[in-house]
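Each chain, letter by letter, is given below.
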Amino acid sequence: MEIDIISYTDAQYAALSEEQILEVKAAQMKKNRLAAKLSEDMQREKHRLVSAGIYFSPIWGLVQAKLQAAYDAEVENVRESLLFYLRFSGKPSEEETENAPYDVDYSLSDTERYTQVKTYYERTYTDGAKRFAAFKADTVAKRYLGELYATLYDYFLESA
């Protein structure tokens, strides 16, 4: 099964508990069901408009946009619920957070945590290769940054 409901790295998936992996799988399956329903709804509406003789009118584009918007909103709700769950169920132990080189504060937003970790590594390591190696070895960041870990990983990799 391809997992595209969230964008985690393989290392992040490997760090998830069995319960968390089951939640990811459930969310992905729900997204897949929504995609199948969207396809069915599009076919049904297309058939209805063809039968009514108005398929080539601007109505088809409007119907498609409406169905797609509803699908996108539902998928985003599933995605946000999953990210919320992973954010608060995947906290590292106190020992791990004490060993983190930056303050671990789960009350911060994803963007604030991303900025905090990025700023720490940029200020601490001037050499790109050393910065990337240190970030890659940071086990807390994989959980702490959630979906933004891959973005920061790629960013530091490019500067290495």
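What counts and what doesn't
Residues numbered from 1 in each chain as written. Predicted model: local features only at pLDDT ≥ 70, side-chain atom pairs only at ≥ 80, totals over all residues. Heavy atoms only, no water. Helix = DSSP H or I, 4+ residues; strand = E, 2+ residues; numbered from the N terminus. Contact = heavy atoms within 4.5 Å. Core = buried A, V, L, I, M, F, W, Y, C linked by side-chain atoms within 4.5 Å. Buried < 20%, exposed > 50% of the residue type's maximum accessible area, 1.4 Å probe, protein only. 1 Å grid on protein atoms, 1.4 Å probe; cavity = no way out; pocket = protein on both sides within 12 Å on 5 of 7 lines; lining within 4 Å. Points joined across faces, edges and corners; volume = space filled by probe spheres on them. Nonpolar A, V, L, I, M, F, W, Y, C, P; charged D, E, K, R; others polar. Patch = residues over 30% accessible without salt bridge, like charges linked within 9 Å, V, L, I, M, F, W, Y side chains within 5 Å. Areas by Shrake-Rupley, 256 points an atom, 1.4 Å probe, with all protein chains shown as cover. Salt bridge = Lys/Arg side-chain N within 4 Å of Asp/Glu carboxyl O. Expected span 1.5 Å × (residues − 1).

(A) Quick look at the environment of Lys30. Examined against the element boundaries, Lys30 turns out to sit in helix α2 (residues 18–52). Linking Lys30 and Asp72, residues 42 residues apart in sequence, is a C-alpha distance of 13 Å.

(B) The environment of Tyr114, seen in detail. Checked against the element boundaries, Tyr114 lands in helix α5 (residues 110–124). Placed 96 residues apart in sequence, Tyr114 and Glu18 show a C-alpha to C-alpha distance of 26 Å. Every residue in contact with Tyr114, bar those within four places of it in the chain, is listed here: Leu145, Leu148, Thr151 and Leu152.

(C) Spatial organisation of the nonpolar core. Formed by 21 residues in total, the largest nonpolar core has its most connected members in Ile5, Ile6, Tyr8, Val24, Leu82 and Leu86. The element contributing the most residues to this core is helix α3 (residues 59–89), with nine residues. Val24 has contacts with Ile3, Ile5, Ile6, Tyr13, Leu16, Leu82 and Leu86, leaving out every residue within four places of it along the chain.

(D) Structural context of the layout of surface pockets. Volume-wise, the largest pocket comes out at about 180 Å³. Every residue lining the largest pocket is counted, 14 residues in all, and those nearest its centre are Leu83, Arg87, Asp110, Arg113 and Glu147. Breaking the lining of the largest pocket down by element, the ones donating at least two residues are α3, α5 and α7 (139–144). No other element matches the five residues that α3 contributes to the lining of the largest pocket. Counted by class, the lining of the largest pocket contains seven nonpolar, one polar and six charged residues.

(E) Geometry of a nonpolar patch on the surface. A cluster of nonpolar side chains, Met1, Ile3 and Met29, forms an exposed patch at the surface whose accessible area comes to about 270 Å². Mapped onto the secondary structure, Met29 falls in helix α2.

(F) Local environment of α2. A rise of 1.5 Å per residue sets the reference length of α2, with its 35 residues, at 51 Å; its end C-alpha atoms lie 51 Å apart and thus fit the reference within 8%. Buried residues of α2: Gln20, Val24, Ala27, Gln28, Lys31, Leu34, Leu38, Asp41, Met42, Glu45 and Leu49, and no others. Its buried side turned inward, α2 meets α1 (10–15) and α3. One or two positions beyond α2, positive phi appears at Gly53, with a value near 75°.

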